[in-house]
Amino acid sequence: MNKFEIDSDCADRLIREQRSVWALLDKNCQALERVETRIVFVEGVPVTLQFNPERIRSAAAVVDRQSIQNRKCFLCEENRPAEQVGITVAGKYVMLANPYPIFPKHLTIPSVIHTPQTICGRLNDMLDLARAIDRYIVFYNGPRCGASAPDHMHFQAGNKGFVPLEYLWSDIYREQGEAVYRGGNILLGRLERWPQSVFFVESGQMDRIAEAFDLLLRLLPVLNGDTEPMMNILCTYEAPVWRLWILPRRTHRPTQYYEEGDKQRLISPGAIDLSGVVPLPRKSDFERFTKEEIVDLCTLPNHGLLANEWMGAGVSGESPADMRVDDGMAMVFDSDVLEKEVEI
């Protein structure tokens, strides 16, 4: 079969069987089939707003360190509902049906061991999962980038043909894609007009994907208190090629989350929100959310790598890592060439 000894048929069958015995999952899947949606076009891409009340648990999740320590981990086997059973994957993960789905077919794939959420040392597992369940898109939310269980390592997966960044990729790449490097069985590039910074890597070799990803990890800043750069990652496999999207982040939640009254938007974006499907648990937010707010949700006030800017030239010994963000780690000037020397 494959390294993980599972495939898309296993995933589909798990969801069907779980729906037949788990009333909560079946109820929420049926509700998803009737969910209200609204399309808002951003840069020609149809972004789907989804009125999904059951996602309140994720959008409003309290994820500060003290709260996490005080609650039981819902991804650990001993704390999961009795009805929730899964498929063990290579002794490292367990594939579960997500009881609060965004996708028609939505999986959560936690580590069998309670260990913090981090992609470090796990990228090859993500690539193997994408190849094993190749009718699904596999994604990762960083510990402060939409993960509602930052204390327990997990991937998620959903059926292909649902997220615009994936199913419209040919058009998006043609209209917005810029190749930064091409050669040696790898393509590394970025999107020029997607509101959120997006880098992508394509290759038929896992080791080349890993090399490019490690390069980005070294270039992206690690903010105070974090163990890895803030980011969301999505991955697909279309034999024989993997495609990896890396979405760097600077903030956990948008400013609208902390507003009051009509200005507040209850949203805690993860990989799927930033890829073109935005689940909103409150009807008022669903009705009021605008194109401008979508752009603001995704757009970060950065310069350097987080803003999709690459260093064109530099002083000897410098690299793109020296142009990271605009809070003192870089200086970016957008002006005419100076005619006179000035002191700074």
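A. Broad picture of the overall build of the chain. Scanning the chain from N- to C-terminus turns up 10 helices and 13 strands. Of the contacts made within the chain by residues no fewer than 6 positions apart, 63% connect residues no fewer than 24 positions apart. A total of about 16400 Å² of accessible surface is found on the chain, and carbon and sulfur atoms cover 49% of it.

B. Structural view of helix 8 (residues 206-219). Taking 1.5 Å of rise per residue, 14 residues should cover 20 Å, and helix 8 covers 20 Å from first to last C-alpha, within 8% of that figure. Among the residues of helix 8, those classed as buried are Met206, Arg208, Ile209, Ala210, Ala212, Phe213, Leu216, Leu217 and Leu219. In this structure, the buried residues of helix 8 make contact with helix 5 (123-132), strand 9 (186-191), strand 10 (199-203), strand 11 (231-238) and strand 12 (241-248).

C. Seen up close, the nonpolar core. Grouped together as the largest cluster of nonpolar side chains are 47 residues, with contacts concentrated most on Leu107, Met126, Phe155 and Leu244. With 7 residues, helix 8 is the single largest residue contributor to this core. Once residues within four sequence positions are removed from consideration, Leu107 is found in contact with Ala11, Leu14, Ile15, Met95, Leu96, Ala97, Asn98, Ile133, Tyr136, Gln156 and Ala157. Ranked by size, the runner-up nonpolar core spans 22 residues in total, among them Phe139, Val163, Phe200 and Trp245.

D. Molecular detail of the environment of Asn52. Within the secondary structure, Asn52 is located in the loop between strand 2 (45-51) and helix 3 (56-59). A relative accessible area of 6% places Asn52 in the buried class. Beyond its immediate stretch of four places on either side in the chain, Asn52 contacts Leu32, Val35, Pro101, Ile102, Pro279, Leu280 and Pro281.

E. View of the packing of aromatic side chains. Summed over all chains, the structure comprises 11 aromatic pairs. Here Tyr173 and Phe200 contribute two aromatic rings whose centre-to-centre distance is 5.5 Å and whose plane-to-plane angle is 85°, an arrangement assigned as edge-to-face. With a gap of 27 residues between them, Tyr173 in helix 7 (residues 169-176) and Phe200 in strand 10 connect regions that are remote in the sequence. Among the residues examined, Phe200 registers a relative accessible area of 0% and is labelled buried. Aromatic ring contacts, followed pair by pair, group Phe4, Tyr93, Tyr140 and Phe155 into a single cluster. The positively charged end of Arg38 is found above the aromatic ring belonging to Phe286, 5.8 Å away from the centroid.

F. Quick peek at the sheet that holds strand 7 (residues 154-159). The strand order across the open sheet built from 10 strands is 3-4-5-7-6-11-12-10-9-8, with neighbouring strands paired in antiparallel fashion. For this open sheet the edge positions go to strand 3 (87-89) and strand 8 (177-182), each flanked by a neighbour on one side alone. Strand after strand, the sheet turns through a mean of 25° between neighbouring axes, direction not considered. Where strand 4 (residues 93-97) meets strand 5 (residues 106-110), 2 bridges bridge the pair, whose relative direction is antiparallel. Looking at the pairing, Ala97 lines up with Leu107 of strand 5. Strands in contact with helix 7 are strand 8, strand 9, strand 10 and strand 12; relative to strand 8, the strand with the most contacts, it is inclined by about 80°.

The rules behind these values
- Residues numbered from 1 in each chain as written.
- Predicted model: local features only at pLDDT ≥ 70, side-chain atom pairs only at ≥ 80, totals over all residues.
- Heavy atoms only, no water.
- Helix = DSSP H or I, 4+ residues; strand = E, 2+ residues; numbered from the N terminus.
- Contact = heavy atoms within 4.5 Å.
- Areas by Shrake-Rupley, 256 points an atom, 1.4 Å probe, with all protein chains shown as cover.
- Expected span 1.5 Å × (residues − 1).
- Buried < 20%, exposed > 50% of the residue type's maximum accessible area, 1.4 Å probe, protein only.
- Core = buried A, V, L, I, M, F, W, Y, C linked by side-chain atoms within 4.5 Å.
- Phe/Tyr/Trp six-rings, centres within 6.5 Å; stacked < 30°, edge-to-face > 60°.
- Lys NZ or Arg CZ within 6 Å of the ring centre and 35° of its normal.
- Pairing = 2+ DSSP bridges.
- Axes fitted to C-alpha atoms, helices over the stretch in contact; angles between N-to-C directions.

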